[in-house]
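# What the coordinates show
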Amino acid sequence: MTTEPQRGATTAGTPRLPRAPRRPTARDLRLVALFTLLNAAACLLGRANRVPDADVSLVWPAAGVSVLWLVARARRPWPWLDPLLLALSTGAVVAATGSSAPSAAIGALAATVQAVVCAWVLARRAPYVWAARGTQQLRRVPDLWWFVLGAALSSVVSAPLVELAVVLGGEPWTWRTALLWCARNTVAIVGIGTLGFTLGAWLRGRRSRTVPERIEWWTEGRGADYLAALLLAPLLYVVWFVEIDWLAVVFPLIGLTVWAGSRLPTRSVVLHTTLCGVVAIQLTLAGSGPFAELPDPTAQVAIAQLYVGLVAVIGLALAIARDERALLVADLQAARDRAQEQATLLATVVDTMSEGVRVVDAAGRVVVRNPTAGLLLTGRTAPDGAGDADLAHLARLDGSPVPDAELPFRRALAGEQVREADLLVRVPGATEPRIVTFSASPLPAAAGGGAVTVLRDVTAERTELRRAAQVQASLLPSRTLDVPGLDLAARFVPAGSVGGDFYDWQPVADGLVLTLADVMGKGPAAAILAATTRSVLHAQLALHDVAGTLAATERAMTADLANAGAFVTMFRAYVDAADGQVSYTDAGHGLSLIVGPDGTARRLSATGLPLGIAPGPDRVSARARLAPGELLVTFSDGVLDALGGSLDDLDQVGRAVRGTRTAEQAADAVLSLVDPRHPEDDLTVVALRRAA
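Values in this document were obtained by computation on a predicted structure and should not be read as measured data.

## A closer look at the overall build of the chain
In terms of regular secondary structure, the chain is built from 19 helices and 18 strands. When the 692 residues of the chain are sorted by exposure, 47% land in the buried category. At a minimum sequence separation of 6, the contacts of the chain that also span at least 24 residues come to 67%. Surface accessibility of the chain: about 33,300 Å² in total, with carbon and sulfur atoms responsible for 61%.

Written out as structure tokens, the structure reads:
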């Protein structure tokens, strides 16, 4: 079973109506009955004021009531019921008050057509009012114009039916009837419609215990404004219409509405225009006031109603525009307050950061520098001037000065992204320089341009890494082996300061055992695992049995690798110096080549998975032969990634070492294929040449 959404839920600021049930509820029936009675009463009131010797009403409040009826019943069940009862109640009252049955029927049809057309325009052009079922005031001036247009259009569309009803009633056709119909009904729809919307919004506010517009009678002189608009202005209309009968001098009264529209909220202006309009029309009907000087009674009331409509539209337009401006100012104020709160929060966060933050504009002038940046650069938190004054103590790690174009923020202003550039900072008074890493990024041109630089003191970190690198370097072979017939060399470039790559060689009676390993990852954790792996390998006794050595190492390190969530790729080979036989085991490494003097290479494929992936099965070995003059080259995946990342890129290695005469030259040739200055991963190359 599905449940209906709550009444009043909104989507994009418009109330969302629940899905209409198939049958009307008791509340729907009560609403229909109420509007049926209201429409009948409004028709009786209109029929009580008719053109002398004619069957045409001078006022017709039922036009506004009928539109409110359809709006209040928007998307309710049985929508056909409302136009039907509207037509029946209107026709019954008109027939009961003296019209013929055909005239009453056509007049009722005209009233129904008018209400439907106006409601349709309102639903299309002010959907929030339609969706709120008349409990929402007009909020925008264009919506007011559409409402007025809908009222006028519906009156014009239905006017021919009224002329037909008059003719069927035995009266002659006259343009004054159509004019009166359009004037009185347009004004009634605008006046009574806006009054109904205001009342509906007020009732909704009472039900939800919220007051949309507070009237502060006792502050800022607002009480006097309300008193003047709602009491003194109608009284002035009474005095004016009783004492003055010149048509030309009625228009200064519009100034009262202009004043009210510019001072009071919309619902108060609606009350003001309604009270003044009722006074003006009733006094005109009584034969008093400036409009009474017109010779035709029909024209008197028609012009009076047009005047009332003009006053209502002017007042509403001014009030709605004023409310729009007030809402916009409130939104801007709220946005400014939120922006100020965010700026304060951001400033607090930046000022309390452990990293330094330095922001410059497009011209390189400092606009933001938090206290941490001041301490790192100058030893003081307070700014010491604009420009580059706080960067005067920068130097490269070798102690040489940094050119202005190479300053991190200058590089960022040129469009470069600077990532962790280490520089020395010699703060006056400090005993030792600091190592500070700079990361700078350009700011978008839409934000005015400039650059932001983040600084971090990495002195202790770099010192520890340097010590770790020294320890790691001490674990690598300090000298090559002197094995007759074999020439051996290696190169190692860690990513950062320490890495997970290592190489090793060990002498045996008839040759040597060569090892290259790569621990997953980089940094201190990978270096620790690499040192552990090397130690376990050195603890093995049967060096000739490379497969057994790897299997034993894997068993010994299973727990360590599992706890670290790591694995190790490894190439380990035993090389017989006498005949060049190579017995090797490749644990997921697969980056070893035998290269001939002409540069042709054959790859030694892997014989198993990396250590730590699936421990248990025995390791197997494979055999190859290193002919005189051939070269065995093995390297880490960092080299492969730098070459392009594909096995097809291994052909570059063969071409690079072709023509080299020593293992040293071959190792340098492989390393020359990549840029060792900023490696993304450890770079390790081991080369072994058999003498020709």
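## What about the side chain of Ser-99?
Here Ser-99 lies in the loop between α3 (81-96) and α4 (101-125). At 3.0 Å, the side chain of Ser-99 and the side chain of Arg-47 are in polar contact.

## A short note on the nonpolar core
Grouped together as the largest cluster of nonpolar side chains are 43 residues, with contacts concentrated most on Leu-122, Val-129, Leu-138, Leu-144, Phe-147, Ile-189 and Phe-197. Only α1 (26-47), α2 (62-72), α3, α4, α5 (127-131), α6 (141-168), α7 (175-207) and α11 (297-351) provide two or more residues apiece to this core. Residues Tyr-503, Met-570, Leu-604 and Leu-632 belong to the second largest nonpolar core, which totals 41 residues.

## Section: the environment of Leu-424
Summarising the element assignment, Leu-424 is placed in strand β6 (residues 418-425). If sequence neighbours within four positions are ignored, Leu-424 has contacts with His-393, Leu-394, Ala-395, Arg-396, Leu-397, Gly-399, Pro-433, Arg-434 and Ile-435.

## Digging into the confidence of the model for the chain
Of the residues in the chain, 90% reach a pLDDT of 70 or more, and the chain-wide mean stands at 84. Predicted confidence for residues 1-15 stays below pLDDT 50, and this span has 22 contacts to residues more than four positions away or in other chains. Note on residues 211-221: pLDDT is under 50 here. Beyond four places in sequence and across chains, it has 16 contacts.

## Overview of a nonpolar patch on the surface
Together, Trp-78, Trp-80, Leu-84 and Leu-88 make up an exposed nonpolar region whose accessible area comes to about 430 Å². Exposure remark for Leu-84: the relative accessible area of 41% places this residue in the partly exposed category.

Thresholds, definitions, all that
- Starting afresh in each chain, residues are numbered from 1 along the sequence in its written order.
- Reporting in this predicted model follows two pLDDT cut-offs: at least 70 for local features of residues, and 80 or more for side-chain atom pairs to be given and counted; totals over whole chains, interfaces and linings ignore these cut-offs and use all residues.
- Only heavy atoms go into the side-chain values, all of them from the structure, while hydrogens and water stay out.
- Helix numbers and strand numbers start at the N terminus; a helix is a DSSP run of H or I with at least 4 residues, a strand a run of E with at least 2.
- Three exposure classes are used, based on accessible area relative to the maximum for each residue type with a 1.4 Å probe and protein chains only: buried under 20%, partly exposed in between, and exposed over 50%.
- Note on definitions: a residue-residue contact is assigned when non-hydrogen atoms from the two residues lie within 4.5 Å.
- Note on areas: these come from Shrake-Rupley sampling with a 1.4 Å probe, and a residue is covered only by the protein chains present in the view.
- As used in this structure description, the phrase polar contact means that two N or O atoms lie within 3.5 Å; if the pair is within protein, one of them must be able to donate a hydrogen and the other to accept it, and residues adjacent in sequence are counted only when both atoms belong to side chains.
- Side-chain atoms within 4.5 Å link the members of a nonpolar core, which is a set of buried Ala, Val, Leu, Ile, Met, Phe, Trp, Tyr and Cys residues.
- The pLDDT value expresses, per residue, how confident the predictor is, ranging between 0 and 100.
- Patch members must show over 30% relative accessible area and no salt bridge, and they are joined within 9 Å when carrying like charges or within 5 Å when they are nonpolar side chains of Val, Leu, Ile, Met, Phe, Trp or Tyr.
- We count a salt bridge whenever a side-chain nitrogen from Lys or Arg sits within 4 Å of a carboxyl oxygen from Asp or Glu.

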